[in-house]
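Structural features, examined
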Amino acid sequence: MQRSQLNFKGLIIFLFFCWYGVTAQAQVKNYKQQMELLHQSIRQHFFIDSSGFYKETAEPEKDGRPVSFLWPLCALLQADNEMELLGKPDLLQPDFIIIEKYHNTFPPAPGYASYAMALGGGSRFYDDNQWIGITAMDAFKRTRQTQWLATGKEIYRFIMSAYDTLTGGGLYWQEDNKKSKNTCSNGPGIILALQLYQATKQQAYLDTALLLYNWVNANLRSPSGLYYDNIKTDNYRVDKKEYSYNTGTMLQANVYLYECTHDKKYLRQATAIADSSVGFFVANKHFKDDYWFSAVLLRAYQHLLKYNPDKKYILAFKDCIDAALDTNKNDDGLMGKQHALNLVAQGGMLEMLGRFAWLQQQKIL
């Protein structure tokens, strides 16, 4: 009797572990598959076949604009690069052709307007241009196609027209309304300059990066090691809102500086920023910010992983992405249960899924 009870208990334990193993296996996300599904949904619900543009939202009548602003296209362009890295061809160039419809050649230097030129154009924002430049340089590093290097150089010339010594230096955010100098227009400017330095070895790019880097840290770094949003140019008041993408660009700037100078102080600083940010922006399986803002922070964590093998930052992101896929995907395959989030958020999640698909492919996850 006792032996049969033991055999029965053994069978129960065996079946439990079989069930647990199957359940655990089912919980592993196929990020490449999720990426492909979201990409299809974005094309279906945001691309306008008749005009060749994207919409800003899945329900354009609510915002009254026939096509998207530039910013969401910047998000899609970076996602395209991550998907091409996984072997999906011919994504980057078609979306860049759309972005070219926003190209504005007005002085002091060519750059990209916030709205399509044929539909009236709009203000030029230095950060929007920097996101395009960063993707162009990522594409150049991956493909060695000189068109991307030329784009990076052109955008660098445009963004440097935003520099002056008011507030001690730094780049403005908006060309025609110079009321603030922002982390979001300096952090990515540092990254673009360092990418160009890596590509050309021209000292001027490194000098620019260090000039901007020192200014941001002197004016917009918080005591906790995160980064404030901006400093006003009329009264030097600092807007102390903290966003994940601002911290992300400055974290990644430190990684690039370590690569360019081999000075380990930048790597130590990158790790310190990562430690300060992970519990603030990606805690408890929840993104504090919009998906695209979070994607910029993920870029930095992924870059840091090349030199710091601690996966805690990436795993915190994994928990947030998995929870979002489980709880915030709607019937159209887009992110947003109550209503489809705008195109920039969809592009941000698409980029994150592309990055996690690559990490999964490389068996880092």
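Above this text is the structure in question.
These notes cover the structure that comes with them. In every chain, residue numbers begin from 1 and rise along the written sequence. Totals for whole chains, interfaces and linings use every residue, but because this is a predicted model, local features are given only for residues with pLDDT of at least 70 and side-chain atom pairs only at 80 or more, for both listing and counting. Think of the side-chain values as coming from all heavy atoms in the structure, minus any hydrogens and water.

This brings us to the overall build of the chain. Segments assigned H or I by DSSP are reported as helices when at least four residues long, segments assigned E as strands when at least two residues long, and all are numbered from the N terminus. Each helix and strand counted, the chain has 13 helices and 9 strands in total. In this setup the radius of gyration rests on C-alpha atoms only. A globule is expected at 2.2 Å times the number of residues raised to 0.38. Relative to its length of 365 residues, the chain is compact, with a C-alpha radius of gyration of 22 Å against a globular reference of 21 Å. For the chain, the spread of C-alpha atoms along the principal axes amounts to about 90 × 55 × 40 Å. In what follows, a contact means two residues having at least one pair of non-hydrogen atoms within 4.5 Å. In the chain, 64% of the contacts between residues at least 6 apart in sequence involve partners at least 24 apart. When the accessible surface of the chain is summed, it comes to about 16400 Å², and 53% of that surface belongs to carbon and sulfur atoms. One way to put it: in the chain the 39 positive side-chain charges average out to a point 7 Å from where the 36 negative ones average out. Throughout, the Shrake-Rupley method with a 1.4 Å probe supplies accessible areas, and for residues the shown protein chains are the sole cover considered. In this count, Lys and Arg are taken as positive residues and Asp and Glu as negative ones, while His and the chain termini are left out. Note that the charge is assigned to NZ on lysines, CZ on arginines, CG on aspartates and CD on glutamates.

What makes two strands pair is DSSP finding at least two bridges between them. Taking strand neighbours across the sheet as the criterion, the 3 strands line up as β5-β6-β7 in an open arrangement whose pairing is antiparallel. Either end of the sheet is taken by a strand with one partner, and the two such strands are β5 (180-182) and β7 (238-242). Recorded for the sheet is a direction-independent mean angle of 20° between the axes of neighbouring strands. In the sheet, strand β6 (residues 228-232) pairs with β7 via 3 bridges, with the strands oriented antiparallel. Among the inter-strand pairings, Y228 is bridged to a residue of β7, identified as E242. Helix α7 (residues 183-200) contacts β5 and β6 of the sheet and is inclined by roughly 45° relative to β5. All axes here are fitted lines through C-alpha atoms, helices being fitted over the stretch that makes contact, and every angle between N-to-C directions spans 0 to 180 degrees.

Once that is clear, we can look at the packing of aromatic side chains. Note on ring pairs: Phe, Tyr and Trp rings are taken, using the six-membered ring of Trp, and paired if centres are within 6.5 Å. Classes follow the plane angle, with under 30 degrees stacked, over 60 edge-to-face and the rest tilted. Overall, the coordinates contain 24 aromatic pairs when judged by the stated rule. Ring geometry for Y245 versus W292: centroids 5.6 Å apart, planes at 65°, classification edge-to-face. On the criterion of sequence distance, the pair formed by Y245 in helix α9 (residues 244-261) and W292 in helix α11 (residues 291-304) is long-range, its members being 47 residues apart. Judged by centre distance (5.6 Å) and plane angle (55°), the rings of F287 and F317 are tilted. Note that F287 is positioned in strand β9 (residues 286-287) and F317 in helix α12 (residues 312-327), a separation of 30 residues in sequence. Exposure class is identical for F287 and F317. Each is buried. Cluster of aromatic residues (ring-pair linked, three or more members): W71, W131, Y243, Y245, W292 and F293. Think of it in three bands: with a 1.4 Å probe and only protein chains considered, a residue is buried below 20% of the maximum accessible area for its type, exposed above 50%, and partly exposed in between.

Below, the discussion takes up the side chain of N230. Note that N230 resides in strand β6. Given a relative accessible area of 3%, N230 falls into the buried group. Polar side-chain contacts of N230 include one of 3.4 Å to the side chain of K232. Once residues within four sequence positions are removed from consideration, N230 is found in contact with S180, K181, N182, L220, R237, V238 and D239. Under the rule applied, a polar contact is a pair of N or O atoms within 3.5 Å (in protein, one hydrogen donor and one hydrogen acceptor; residues adjacent in sequence only if both atoms are side-chain atoms).

Residue P108 is reached from P107 by a cis peptide bond, and omega for that bond is 15°. You will see that D90, though not glycine, has its phi angle at about 55°, which is positive. Relative to the helices and strands, D90 is located in the loop between α3 (70-85) and α4 (92-99). By relative accessible area, which is 63% here, D90 ends up exposed. Unusually for a residue other than glycine, H262 sits at a positive phi of about 65°.

A carboxyl oxygen of Asp or Glu within 4 Å of a side-chain nitrogen of Lys or Arg is what we treat as a salt bridge. Applying the stated criterion to the full structure yields 11 salt bridges. The partner of K29 in a salt bridge is D326, and the shortest N-O contact between them spans 2.3 Å. Of this pair, K29 sits in the loop between α1 (2-26) and α2 (31-46) while D326 sits in helix α12, and the two are 297 residues apart along the sequence. Looking at K29, the relative accessible area reads 16%, which means it is buried. Since its relative accessible area comes to 52%, D326 is described here as exposed. Taken together, the salt bridges that share partners define one network made up of E82, R299, E351 and R355.

Any link to function would need more than the numbers given here.
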